[in-house]
Every structure is written in structure tokens, then in C-alpha cells.
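Spelled out, the chains give:
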Amino acid sequence: MPIPIFDTVLNGIKIVGSIVGTRKDLQEALQFAAEGKVKTIIEVQPLEKINEVFDRMLKGEINGRVVLTLENK
């Protein structure tokens, strides 16, 4: 895939890639997701708990992802 170096550098574009796995591996992974075999772990917390969330994150106590919301629950 040709990449215009000048435009990429001037516009601060970052290109990230991976050479791990094959197209078949990708196809199998997407098939697992389509079959519902992939489960995301999401915890929702109010923005007011951001300091607690960061403390837990630094201690490695978060399993999955934490989504901070602007509304109070």
C-alpha cells in the first residue's frame, strides 16, 4: 500500500499495523465474534468516580474496560 510520506508527516498521521496472524486467522476471529463467542467486559461508572477508576487501573484491578459517563446514576 503506497503511503505519501510528506503528507503523512505534515498531517501527523500515525500508521499502526501488525504482522501477527494471517488472513485466515482474521476470518476465524471475525467468525467467532459473529457467532457470539466473543464477550466484551464493560463496566460503566460516573465521571465523578474517575479517581477511583484510575487507582484501580494503576493497581491492575480492572477486568476489561471502564466507560465513564457524564450522567449520574
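Residues numbered from 1 in each chain as written. Predicted model: local features only at pLDDT ≥ 70, side-chain atom pairs only at ≥ 80, totals over all residues. Heavy atoms only, no water.

Visitor: A description of the overall build of the protein should follow, citing residues and the corresponding values.
Guide: Across its full length, the protein carries 3 helices and 2 strands. Ordered by position in the sequence, the α and β elements of the protein form the string α-α-β-α-β. Over its C-alpha atoms the protein spans a radius of gyration of 19 Å, topping by over 25% the 11 Å that the globule rule assigns to 73 residues. Overall, the protein is about 50 × 40 × 25 Å in size when its C-alpha atoms are taken along their principal axes. (Helix = DSSP H or I, 4+ residues; strand = E, 2+ residues; numbered from the N terminus. Rg over C-alpha atoms; globule rule 2.2 N^0.38 Å.)

Visitor: Kindly report on a nonpolar patch on the surface, identifying the contributing residues and their values.
Guide: A cluster of nonpolar residues, Met1, Ile3, Ile5, Val9, Ile13 and Ile15, forms a patch on the protein surface that exposes about 680 Å² of accessible area. Inspection of the secondary structure assignment puts Ile5 in helix 1 (residues 5-10). (Patch = residues over 30% accessible without salt bridge, like charges linked within 9 Å, V, L, I, M, F, W, Y side chains within 5 Å. Areas by Shrake-Rupley, 256 points an atom, 1.4 Å probe, with all protein chains shown as cover. Salt bridge = Lys/Arg side-chain N within 4 Å of Asp/Glu carboxyl O.)

Visitor: Break down helix 2 (residues 23-34) for me, citing the residues and quoting the values.
Guide: When the terminal C-alpha atoms of helix 2 are compared, their 16 Å separation across 12 residues agrees well with the 16 Å that a helix rising 1.5 Å per residue should span. Taken across its 12 residues, helix 2 has 0 buried, putting it largely on the surface. A side-chain oxygen of the first residue of helix 2 lies 3.3 Å from the backbone nitrogen of Lys24; this N-cap is Thr22. Phi turns positive, to about 80°, at Gly36, one or two residues after helix 2. (Expected span 1.5 Å × (residues − 1). Buried < 20%, exposed > 50% of the residue type's maximum accessible area, 1.4 Å probe, protein only. Polar contact = N/O pair within 3.5 Å; in protein donor to acceptor, adjacent residues only side chain to side chain.)

Visitor: Quick rundown of the pairing of strand 2 (residues 65-69)? Include the residues and the values.
Guide: The side chains of a regular strand alternate between both faces of the sheet. As paired elements, strand 1 (residues 42-46) and strand 2 share 5 bridges and run parallel to each other. Within the sheet, the bridge partner assigned to Glu43 lies in strand 2 and is Val66. Once you follow strand 1 into helix 3 (residues 50-58) and on to strand 2, the crossover reads as right-handed. (Pairing = 2+ DSSP bridges. Right-handed = clockwise from strand over helix to strand, strands pointing away.)

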